[in-house]
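Observations on the model geometry
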Amino acid sequence: MKILKFTFALLSCATLFTACSSDDDTTATTEEDLAGQTGDLVLKFDNGVGDQDFIFGTEYSKSNNETYKLETVKYIISNVRFTDEDGNVFEYPTDDNIFIVNEEDGNNAGEIFITLDDVDAADYVSVTYGIGVDQERYQLGAEGQGEFLEEASEEGMMWNWSTGYRFVRLDGTYTDATVTDEALNIHMGSVGTSLDNYRETTLLLPNSARVREDSTPEVHIKADLAKIFDGVTSVNFADGYAQVHTSTETTPVIADNMQAMFSVDHVHND
């Protein structure tokens, strides 16, 4: 019995030692492998209306029985950055850190992909980005906007330079008890430096996005377009929200509603 007990004790210690050594080696190897390593990370935007997929020309209902149909859906995101499990923040390079999410660019499932390259390898637990263009970028002047100025102009996401960018462009029609297929145009943005409608949102990831040289995670972001009209504040088209451009009253409401329309559905790590 003494021999058996001694043998069992040796085996238990050996097992414990092996397990501890294995954990230590794995941690050390992981930290060493990630040092200086970069990879790609994909943001996948999926526009919907409530629990429905968004489809051009489809009629959707609002909370007050107004309905609307859209033929254009575009918005700007910028200043994308990620926070890892240790609180470290990686921000994508400023010059390239601005994008137009255009529903027309979606695949058959209506998904729009933005691929970010040379992202520091890490396990990221949240993503933060802005909706629109911040004042710091705008105050660089037209010559400081790089290639994005031309892209935004071609996409119809500019008024003129003194007025600035359209942060969102929704074009379509609406119907209520008194009108049918009336023009609907939501072109919210800041107005030069006099009215700042730039907003940021931070989204927690349901599971970490593991960026590696040989692994490209996809963060599936759902955008509920219904919240533009029925979000933090519910608005009525008949009360001036059918034509939103540069008003100091209506544009901040749309900006606040857009800030809350995003959520992360899931993260796929390949």
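The rules we used
Residues numbered from 1 in each chain as written. Predicted model: local features only at pLDDT ≥ 70, side-chain atom pairs only at ≥ 80, totals over all residues. Heavy atoms only, no water. Helix = DSSP H or I, 4+ residues; strand = E, 2+ residues; numbered from the N terminus. Buried < 20%, exposed > 50% of the residue type's maximum accessible area, 1.4 Å probe, protein only. Contact = heavy atoms within 4.5 Å. Areas by Shrake-Rupley, 256 points an atom, 1.4 Å probe, with all protein chains shown as cover. Core = buried A, V, L, I, M, F, W, Y, C linked by side-chain atoms within 4.5 Å. Polar contact = N/O pair within 3.5 Å; in protein donor to acceptor, adjacent residues only side chain to side chain.

Some words on the overall build of the protein
From N to C terminus, the protein includes four helices and 14 strands. Looking at the protein as a whole, 48% of its 270 residues are labelled buried. In the protein, the share of contacts with a sequence separation of at least 24, taken over all contacts with a separation of at least 6, comes to 75%. Put simply, the protein shows about 13,800 Å² of open surface, and 48% of that area lies on carbon and sulfur atoms.

Considerations on helix α4 (residues 250-259)
With eight of 10 residues buried, α4 is to be regarded as a mostly interior element. Among all positions in α4, only T250, T251, P252, V253, I254, A255, N257 and M258 are buried.

Here's the deal with the nonpolar core
Ranked by size, the top nonpolar core spans 68 residues in total, and within it L43, F45, Y68, Y75, I77 and F262 carry the most contacts. The element best represented in this core is strand β4 (residues 67-84), accounting for eight residues. Once residues lying within four places of it in the same chain are set aside, the contact partners of L43 are I77, V80, F82, I112, F113, I114, L116, V219 and I221.

Re the environment of S234
Mapping S234 onto the fold places it in the loop between β12 (218-224) and β13 (243-244). Given a relative accessible area of 49%, S234 falls into the partly exposed group. Distance in space between the C-alpha atoms of S234 and N64 is 8.8 Å, their sequence separation being 170 residues. A polar atom in the side chain of S234 sits 3.1 Å from the side chain of D230.

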